[in-house]
Amino acid sequence: MAIDQTLLSILACPVDKGPLLLVDGELLYNPRLRRAYPIANGIPVLLADDARDVDDAEHDAILARARS
């Protein structure tokens, strides 16, 4: 299930309140903080405790996927 572009435009990172990138419909990504938020059954899980940190290599890979 895809996230509607209108919904995506209003979703924000719970930590810095900035915009998020949708990556392959599987996660929302904050490139400023390098934090990835899961999407479970089509529902974004925007809880700081459920996010995971992303290392340099994964950051580059995520950005490449988000741009394609």
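It should be emphasised that the depicted structure is a prediction, and the values quoted were computed from it without experimental measurement.

1. Focus on the pairing of strand S2 (residues 27-30)
Thought 1: Covered by surrounding structure in S2 are Leu27 and Tyr29 together with Leu28 and Asn30, the residues of both alternating faces.
Thought 2: As judged from the three bridges shared by strand S1 (residues 21-23) and S2, these two strands associate in the antiparallel manner. In the strand pairing of S2, Val23 is matched with Leu27.
Thought 3: Between S1 and S2, which pair antiparallel in sequence order, lie three residues; one of them, Asp24, sits at a positive phi of approximately 55°.
Thought 4: Here S2 pairs with strand S3 (residues 35-40) via four bridges, running antiparallel. From the neighbouring strand, Tyr29 faces S3, where its bridge partner is Ala36.
Thought 5: From the end of S2 to the start of S3, which pair antiparallel, there are four residues, and Arg34 there has a positive phi angle of about 55°.

2. Side note on unusual backbone geometry
Thought 1: Non-glycine residue Lys17 carries a positive phi angle of around 65°.
Thought 2: Mapping Lys17 onto the fold places it in the loop between helix H1 (5-10) and S1.
Thought 3: Taking relative accessible area as the criterion, Lys17 reaches 60% and is therefore assigned exposed.
Thought 4: Phi is positive for Asp24, close to 55°, though the residue is something other than glycine.
Thought 5: Here Asp24 shows up in the loop between S1 and S2.
Thought 6: Asp24 sits in the partly exposed class, given a relative accessible area of 49%.

3. Some thoughts on helix H2 (residues 56-67)
An α-helical turn contains 3.6 residues, so a residue and the one three or four places further along point in the same direction.
Thought 1: Its 12 residues place the ends of H2 17 Å apart at the C-alpha level, agreeing with the 16 Å of an ideal helix rising 1.5 Å per residue.
Thought 2: By the burial criterion, the buried members of H2 are His59, Ile62 and Leu63. End-on, the buried residues of H2 take up no more than an arc of 100°, which puts them together on one face. H2 presents Ala57 and Asp60 as exposed residues on the side facing more than 90 degrees away from its buried surface.
Thought 3: In this structure, the buried residues of H2 make contact with S1 and S2.

Parameters and conventions
One numbering rule holds for all chains: residues counted from 1, following each sequence as written. The predicted nature of this model means local features are confined to residues of pLDDT at least 70 and side-chain atom pairs, given and counted, to a pLDDT of 80 or more, with totals for whole chains, interfaces and linings taken over all residues. Just so you know, side-chain values use all the structure's heavy atoms and leave hydrogens and water out. Whether a residue is buried, partly exposed or exposed follows from its accessible area with a 1.4 Å probe, protein chains only, as a fraction of its type maximum: under 20%, in between, or over 50%, in that order. Numbering of helices and strands runs from the N terminus; a helix is a DSSP stretch of H or I covering at least four residues, while a strand is a stretch of E covering at least two. When DSSP finds at least two bridges between two strands, those strands are taken to pair. To estimate the expected span of a helix, subtract one from its residue number and multiply by 1.5 Å. This arc corresponds to the set of directions leading from the helix axis out to the C-beta atoms. In this description, contact between two residues means that some pair of their heavy atoms is separated by no more than 4.5 Å.

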